[in-house]
Amino acid sequence: MVLIEQHIEVIIFTSASPVRVDFIADMISQLHGEKVEEDTIRHRIAILNKRYMEGGSVFTIQEIAGGFQMLTKKEFDPIISHIQSNKNKKKLSAASLET
């Protein structure tokens, strides 16, 4: 099945909440016109995570809350916090200029 990993990435990446493996399997089955088992989805997610790790990606696919979600790796939390705090400061600065 060509592009199965990419299709899994799209399904997970475009969801704001964790995506259940049975939903992913159903969507992939529909896209590829043949039944794809949940174990196959789990295996392909493991392949994706290995590729992310070997390629130095900041992302990982984690199983949480009954589904899979694409997340940034924990070691990048300080950077994300820094960016978010600066975004908030800019919002406040813009608001204060209007008064």
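Computed from a predicted structure; not experimentally measured.

Draft legend 1. View of the overall build of the protein. On a plain count of helices and strands, the protein comes out with 4 helices and 2 strands. Each helix and strand of the protein, ordered N terminal to C terminal, gives the series α-α-α-β-β-α. Among the 99 residues that make up the protein, the fraction classed as buried is 24%. Intrachain contacts of the protein at a sequence separation of at least 6 include 45% that bridge at least 24 residues. Accessible area for the protein stands at about 6,900 Å²; split by element, carbon and sulfur atoms hold 58% of it.

Draft legend 2. Quick peek at unusual backbone geometry. We note that Ala-65 has phi near 50°; this positive angle belongs to a residue other than glycine. Mapping Ala-65 onto the fold places it in the loop between β1 (59-64) and β2 (67-72).

Draft legend 3. Here's a closer look at the pattern of salt bridges. Applying the stated criterion across every chain, the model contains 5 salt bridges. The shortest N-O distance in the salt bridge between Glu-63 and Arg-42 comes to 3.1 Å. Residue Glu-63 is found in strand β1, and its partner Arg-42 is found in helix α3 (residues 38-54); the two are separated by 21 residues along the sequence. With relative accessibility at 47%, the residue Glu-63 sits in the partly exposed group. Here Glu-54 makes a salt bridge to Lys-50, at a shortest N to O gap of 3.7 Å. Separated by 4 residues within a single helix, Glu-54 and Lys-50 lie in helix α3, roughly one turn from each other. On the accessibility criterion, Glu-54 (59% relative accessible area) is exposed. Because the salt bridges share partners, they merge into one network encompassing Glu-5, Arg-44 and Arg-51.

Conventions and cut-offs
Residues numbered from 1 in each chain as written. Predicted model: local features only at pLDDT ≥ 70, side-chain atom pairs only at ≥ 80, totals over all residues. Heavy atoms only, no water. Helix = DSSP H or I, 4+ residues; strand = E, 2+ residues; numbered from the N terminus. Buried < 20%, exposed > 50% of the residue type's maximum accessible area, 1.4 Å probe, protein only. Contact = heavy atoms within 4.5 Å. Areas by Shrake-Rupley, 256 points an atom, 1.4 Å probe, with all protein chains shown as cover. Salt bridge = Lys/Arg side-chain N within 4 Å of Asp/Glu carboxyl O.

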